[in-house]
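# Analysis of the macromolecular model
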Amino acid sequence: MSIEQKRAARRHTLGLLFAAGVFAAAAPSAANAQAKQEVRIGYQKYGTLTLLKGRGTLEQRLAAKNVSVKWTEFPAGPVLLEGLNVGSIDFGTVGEAPPIFAQAAGANLVYIGNEPPSPSSEAIVVPKDSKIRSLSDLKGKKVALNKGSNVHYLLVKALEKSGLAYKDIEAIYLPPADARAAFERGSVDAWVIWDPFLAAAEKQLGARVLADGKGLVSNHQFYLASRSYAEKNPEIVRIVLDEIAKVDEWGAKNQKEVAVILAAQTGLSVDVVALAASRYAYGVKPINAAVIEQQQKVADAFSNLKLIPKAIVVKEAL
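As the structure is a computational prediction, the values presented were derived from the model and not from experiment.

At a minimum axis separation of 9 Å, helix H4 (residues 77-86) and helix H5 (residues 97-104) run at an interaxial angle of 45°. It follows that H4 is oblique to H5 by the angle criterion. Here the hand of the crossing between H4 and H5 comes out right-handed. Where H4 approaches H5, its residues Gly77, Pro78 and Leu81 are matched on the opposing element by Pro98, Pro99 and Ala102. Class assignment for the residues of the contact of H4 with H5 results in five nonpolar, one polar and no charged.

Ile124, Leu138 and Phe302 are the most contacted members of the largest nonpolar core, which totals 101 residues. Take this core: its biggest share by element is seven residues, from helix H6 (residues 150-162). Discounting chain neighbours no more than four positions away, the residues touching leucine 138 are Ile124, Ile132, Val143, Leu159, Leu164, Asp168, Ile169, Ala190 and Leu210.

Before going further, it helps to examine unusual backbone geometry. The step from aspartate 195 to proline 196 runs through a cis peptide bond, and the omega angle for that step is 5°. Mapped onto the elements of the fold, proline 196 is located in the loop between strand S8 (190-194) and helix H8 (197-205). Even without being glycine, asparagine 219 reaches a positive phi, approximately 60°. Of note, asparagine 219 is situated in the loop between strand S9 (208-212) and strand S10 (222-226). In this model, lysine 306 sits at a positive phi of 60°, which is unusual for a non-glycine residue. You can see lysine 306 is positioned in the segment after helix H13 (289-304).

Along S10, five of the five residues are buried, which leaves the element largely enclosed by surrounding structure. What you see with S10 is no split at all: Phe222, Leu224 and Ser226 on one side and Tyr223 and Ala225 on the other are buried throughout. For strand S3 (residues 91-94) and S10, the ladder comprises four bridges, and the chain directions are antiparallel. Within S10, the residue paired with phenylalanine 91 across the bridge is alanine 225. In this sheet, S10 lies alongside strand S4 (residues 109-114) in antiparallel orientation, the contact comprising five bridges. Looking across to S10, one finds that leucine 109 is bridged to serine 226.

Here we come to the confidence of the model for the protein. Per-residue pLDDT for the protein averages 90, and the proportion of residues at 70 or more is 89%. Ignoring residues within four places in sequence, the model shows residues 2-33, a span with pLDDT below 50, making one contact including any to other chains.

Quick look at the sheet that holds strand S5 (residues 122-126) now. Taken in spatial order, the five strands make up an open sheet running S7-S6-S8-S5-S9, and their pairing is mixed. Edge positions in the sheet fall to strand S7 (170-173) and S9, since each has one partner strand and no second. Geometrically, the sheet is characterised by an average inter-axis angle of 30° between neighbouring strands, direction not taken into account. Bridge analysis of strand S6 (residues 142-145) against S7 gives four bridges, and the strand direction is parallel. In the strand pairing of S7, leucine 145 is matched with tyrosine 173.

The next point concerns the pattern of salt bridges. According to the stated counting rule, one finds 14 salt bridges in the structure shown. Among the ionic pairs, lysine 157 bridges to glutamate 160, the shortest N-O distance being 2.9 Å. Of the two residues, lysine 157 and glutamate 160 are both situated in helix H6; the distance of three residues between them amounts to about one turn of the helix. Residue class for glutamate 160 comes out exposed when judged on its relative accessible area of 51%. Residues participating in the shared-partner salt-bridge network are Arg61, Asp242, Glu243 and Lys246.

Looking now at the sheet that holds S3. Spatial ordering of the open sheet is given by S2-S1-S3-S10-S4, a layout of five strands whose pairing is mixed. Pairing within the sheet leaves two strands with one partner each, and these edge strands are strand S2 (67-73) and S4. For this sheet, the mean angle separating the axes of adjacent strands, direction not counted, is 25°. Summarising the sheet, strand S1 (residues 37-43) and S3 pair through two bridges and their orientation is parallel. Note that in S3 the partner of glycine 42 across the bridge is glycine 92.

The subject of this paragraph is the packing of aromatic side chains. Taken as a whole, this structure holds eight aromatic pairs when the rule is applied. Here tyrosine 43 and tryptophan 71 contribute two aromatic rings whose centre-to-centre distance is 5.9 Å and whose plane-to-plane angle is 85°, an arrangement assigned as edge-to-face. Taken as a pair, tyrosine 43 in strand S1 and tryptophan 71 in strand S2 lie far apart in primary sequence, 28 residues in all. Judged by its relative accessible area of 6%, tyrosine 43 falls in the buried class. Of the residues examined, tryptophan 71 reaches a relative accessible area of 16% and is grouped as buried. Between tyrosine 280 and tyrosine 282, the aromatic rings sit 6.1 Å apart at their centres with planes inclined by 70°, giving edge-to-face as the arrangement. Exposure class is identical for tyrosine 280 and tyrosine 282. Each is buried. Lying across the ring of tryptophan 250, arginine 55 places its NZ or CZ 3.8 Å from the centre.

Quick notes on the rules
Per chain, residues are indexed from 1 in the order of the written sequence. Owing to the predicted nature of the model, reporting of local features is limited to residues with pLDDT of at least 70; listing and counting of side-chain atom pairs is limited to 80 or more, with chain, interface and lining totals taken over all residues. Excluding hydrogens and water, the side-chain figures rest on all heavy atoms present in the structure. Axes here mean lines fitted to C-alpha atoms, for a helix over just the part in contact, with angles spanning 0 to 180 degrees between N-to-C directions. Strands here are runs of E lasting at least two residues and helices are runs of H or I lasting at least four, both read from the DSSP assignment and numbered beginning at the N terminus. Any angle that falls under 35 degrees is termed roughly parallel, while one over 145 is termed roughly antiparallel, one within 65 to 115 roughly perpendicular, and all others oblique. In this scheme the crossing of two helices becomes right-handed for a clockwise turn of the near helix relative to the far one and left-handed for an anticlockwise turn of less than a right angle. Every residue pair with non-hydrogen atoms within 4.5 Å of one another is taken to be in contact. Any residue that is not Ala, Val, Leu, Ile, Met, Phe, Trp, Tyr, Cys, Pro, Asp, Glu, Lys or Arg is counted as polar, Gly included; the first ten are nonpolar and the last four charged. Think of a nonpolar core as a cluster: buried Ala, Val, Leu, Ile, Met, Phe, Trp, Tyr and Cys residues, connected wherever their side-chain atoms sit within 4.5 Å. Summary of the burial criterion: residues with accessible area below 20% of their type's maximum are buried, those above 50% are exposed, and those between are partly exposed, where the area comes from a 1.4 Å probe applied to protein chains only. We call two strands paired when DSSP finds no fewer than two bridges between them. Confidence scores here are pLDDT values: one per residue, from the predictor, ranging 0 to 100. Only one rule defines a salt bridge in this text: a Lys or Arg side-chain nitrogen within 4 Å of an Asp or Glu carboxyl oxygen. Note on aromatic contacts: the rings of Phe and Tyr and the six-membered ring of Trp form a pair at centre separations within 6.5 Å, being stacked when their planes are under 30 degrees apart, edge-to-face when over 60 apart, and tilted otherwise. Lysine and arginine charges are scored as sitting over a ring when NZ or CZ, respectively, is within 6 Å of the ring centre and within 35 degrees of the ring normal.

In structure tokens:
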């Protein structure tokens, strides 16, 4: 064999060894054959999921199943469900209206559970020196709200109660941060918002509550998952709900500790989150026929107002 042939053979052998080494490094070992799973949870600055994240008990429970938890914060329910629909999260929590808008838009989601009604956790507020004293005074006024969020239905029902039509006000659709800025500078006359943003507006801005949800709406907190994830991972979904139930039970009995944890998770002061937490409703339950019937009424109201593109049957998302 010539010198050149020997060199070529050596290069060939080294190439094979290098390729084998790269393959070995990239290929999973037998120990990693069962790849670690991940459940991706979307949450907002309110409710039991934020508390669950702060306590860290879900991570401990799922570690035994070789499942990690990835938390993603969203400013409001509609964008959270957009994330669920496009596959960036698997599970999340929202209020009454977002699932209606999402289902009408074709999102393949399923209701997993709900918290009890919490009507005082959302309200229509006005500046403390506003001349607006009743719901009927909203006629012709600019009202800020997050389109498709839980407070959207509150506004619909509040106007209905006062004898006003939805077209009688000028709805200004803004996410919470932008709505607060508009509210502070006087660009809008009223703001429809939920806790803890509601509590922050009361504590920090002196905002006056014109009407909350009592006697108007239920304001359930819903847990939803993508249908494909729920069908493929029923045990993980069951564990998540079980841990939510446990943190609900703990939170109902430990309000001071709840405020401390939520303050750390949201960046809001303890007094603000304590006010918000005092209005929470604890006690997750499976979805039942009565709750779905209420949701259907929400869906029908939005459909009648042409706020969603088509009428929907809520129970199809079970």
